[in-house]
Amino acid sequence: MQTLRRKDILGLEEMSAEEITLILETARSMREIIQRKIKKVPTLRGRTVLNLFYEPSTRTKASFELAQKYMSADSVSVAGTSSSLVKGETLKDTVRNVEVMGIECVIMRHPVSGSANYLARNVEASVINAGDGMHEHPTQGLLDMFTILDKKGRLEELKVVIVGDIRHSRVARSNMWGLQKMGAEVVVSAPPTLMPPDMEAFGVKYCPDLEEAVEEADVVMALRLQKERQEGGLFPTLREYAEIYGLTSWSVAKAKDDLLIMHPGPINRGVEISSELADGPRSVVLEQVTGGVAVRMALLYLLMGGVKDE
Amino acid sequence: MKTILIKGGRVIDPSRNFDDRADLLIKDGVIEAVKNGLKAPSGSETIDAQNLVVMPGLIDMHVHLRDPGYEYKEDIITGSRAAAAGGFTAVAAMANTDPVGDDPTTIRYIRERAGSAAVRIYPIGALTKGLEGKEIAELGRMKTAGAVAFSDDGRPVLNGMIMRNALQYAAGLGALIIAHEEDPYLSAKGAMHEGSVSSVLGLRGIPSAAEEAMLARDLMLLETSGGRLHIAHVSTAGSVELIRRAKAEGLKVTAEVTPHHLILTDRAVKNSGYNTNTKVNPPLRAESDRQALWAGLLDGTIDVIASDHAPHHTDDKDVEFDFAPFGIAGLETTLPLMLDEFFSGRIKDLTLPVLVDKMSTAPAQILGLEGGTLQEGGAADITIVDPDRSFIINPETWHSKSRNTPFAGRQLKGAAVFTIVGGRVVMREGVITDQ
């Protein structure tokens, strides 16, 4: 099997359609492993991975850790509230110290945009960006594409709507890059205050009216709304937000019957999505999570190769 | 003090509209004569300037020397050596030190340390106490102690009434105020220029309006307050237009621009992969802003090129982007960068006399300093440039304590080869000779 010709996975902006296709195809074979009763292959036996999470995470962290276990890699996890991270040690020092213990791959989540790029420049180990500030969350973008591909059989010429706080969302950024590279049409919907300035760089369409945006859409993806944004004066109240930009049975009333409903989690029920939709038959929120493990196994496999010592 | 004859150079003196071949004789620290066919007196040194350009000593009117308080970043001595190496004979140092330069004692401390420095150091006093923007500092007493201008640089004066009072009060003293124009509510937590690049990188943006809104306010205040206002590090097309209009209306406003705003754009943050040496305030702006800054410089809207030398320790900069301080160190790159812009021919209408005016004559006039001229009888502050000197910017060889530049590795043509302060050669071929 092919491998990725790159040291790090920092974002989908810099990735080609061929690379994304390779990752998604590899993830499909990885999913077969997860579906087995004995979910373990020896592929990464004796290989070591560090999970470094400077921000809270449930899904991403658990799915990376499971991916490592299923692949038989040895891993350590360090969280932002423990250890030297709160003792004022710099990111560079922390990782260099762990690196000399034999770490070959670092999975990092960090609140500052660009910190994965910074880390990748400063260590020999591979770096997988598990979310950096508002910049990118490439593994989420990949698992979202994996889920859509699985349900729809293709990505080309699908219309995907992303609704919510695009401005502060790394998930939206990775999805905008990835989906368009794979031939999908992306439409974003949000109040103008939650849109990034000068959006044209992304090449997506902007449609502030959600009802109109989801017409003829194949997929709609709601983003988590951080409640602090209200205090920042970016919108008046949560109830107004939910009424205008929340995914509800009313807002998708005119949409296609086979509309896929997605959310990267964690969900604010009744804010960006109603429970009725999140738990309904068109929702693939939990499938996204399963796909996440397969995609992360694929990335570990493709980056670490399993053949490094030959 | 040795008598020096600078022989056969191209002499540029914007203060007298002079640009021609001439010899220049320095005696007892003073320019004795500027004319052709001068003979070297016995015991004098002759500098063969046949292929060199001789100009009045360059003056950088906006630097941070970090002394007192942050000597691990820079101090008056290392900063002065960096200045000499970069072809400057004088610098004006901002007051955001610790303690803040907001009283005569700190101003006197800087003047005293300046006695051991390689170049002339002119202190700029704080405009408000503690740079807090609440009470006007003792401008009069600081002026007596040697402050050449007043500024809260690094911060705006947020309260419009304080700014109005400060402008009025300073007018009575004939003192210059230098304004850092920024509305902190608009720039809140921003790390780079707000635009498509910041959106792609996921960095919080500093909109152009953060600078322009505050600048517009200060220009309106200046209309009725009297006094003189100098705008530090202008960075946007809108600011250039505001200043152009204010000048046309006859307001006593002057402005400066930095080399990094003239040469780089916000793309540098992306192309460098979030290199924190591209993080500076005001931020590197869009290409349209960069072009407007050149237009403003060439049509006289912008009077001065200043480095905004903001040295930081590598430890402070070698962190995640949001955590790094703002600032670019520029004393050792400003002149070569600007010479390279000229010699490369990239900027149509840019001439050497224009560059010398913006970097020597104009800042001397604005700050009311001696220098900025090669007038006979004036202090012998002279910079000599070799237009053919090619080199690569390597911060490891700097005299500054800092290394923070986005220009490392850049190949340039043109650099200072002699810096002469008061008739003393303080830099010769890159070597500091002030001892």
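Residues numbered from 1 in each chain as written. Chains lettered and ligands numbered in written order. Predicted model: local features only at pLDDT ≥ 70, side-chain atom pairs only at ≥ 80, totals over all residues.

Describing the overall build of chain A
Looking only at helices and strands, one finds 11 helices and 9 strands in chain A. For chain A, whose C-alpha radius of gyration is 19 Å, the value lies close to the compact-globule estimate of 19 Å for 310 residues. In terms of overall dimensions, chain A has a C-alpha envelope of 55 × 45 × 35 Å along the principal axes. With 310 residues in all, chain A has 47% of them scored as buried. (Helix = DSSP H or I, 4+ residues; strand = E, 2+ residues; numbered from the N terminus. Rg over C-alpha atoms; globule rule 2.2 N^0.38 Å. Buried ≥ 20, exposed ≤ 12 C-beta atoms within 10 Å, placed from the backbone.)

A closer look at the interface of chain B and chain A
In this assembly, 17 residues from chain B lie in contact with 23 residues from chain A. For the side of chain B that touches chain A, the residue count by class is 7 nonpolar, 6 polar and 4 charged. (Contact = placed C-beta atoms within 7 Å. Nonpolar A, V, L, I, M, F, W, Y, C, P; charged D, E, K, R; others polar.)

Quick word on the domain arrangement of chain A
All names here are of chain A. Splitting chain A by domain gives domain 1 (17-136 + 292-304) and domain 2 (138-288). Once you take the C-alpha centre of each, domain 1 and domain 2 turn out to be 26 Å apart. Residue composition of the side of domain 1 that touches domain 2, grouped by class: 11 nonpolar, 6 polar and 4 charged. (Domains from an automatic or database assignment.)

Some remarks on the packing of helix α8 (residues 237-248) of chain B against helix α11 (residues 287-298) of chain B
Residue and element names in this part refer to chain B. Where α8 contacts α11, the two axes come as close as 8 Å, and the packing angle between them is 25 degrees. Accordingly, the angle class assigned to the pair α8 and α11 is roughly parallel. Of the residues in α11, those in contact with Ala237, Val240 and Arg244 of α8 are Ser288, Asp289, Ala292, Leu293 and Gly296. Residue composition of the contact of α8 with α11, grouped by class: 4 nonpolar, 2 polar and 2 charged. (Axes fitted to C-alpha atoms, helices over the stretch in contact; angles between N-to-C directions. Parallel < 35°, antiparallel > 145°, perpendicular 65-115°, else oblique.)

What about the pairing of strand β2 (residues 18-27) of chain B?
Residues and elements named next belong to chain B. Where strand β1 (residues 4-13) lies against β2, 8 bridges are found, and the strand directions are antiparallel. Looking at β2, one finds that Gly9 is bridged to Ala22. Here β1 folds back onto β2 in antiparallel fashion, the turn holding 4 residues, of which Asn17 has a positive phi close to 55 degrees. Relative to strand β3 (residues 30-35), β2 runs antiparallel, the two sharing 5 bridges. In the strand pairing of β3, Asp23 is matched with Lys35. Here β2 hands over to β3 after 2 residues, with Asp28 in that stretch at a positive phi of 55 degrees. (Pairing = 2+ DSSP bridges.)

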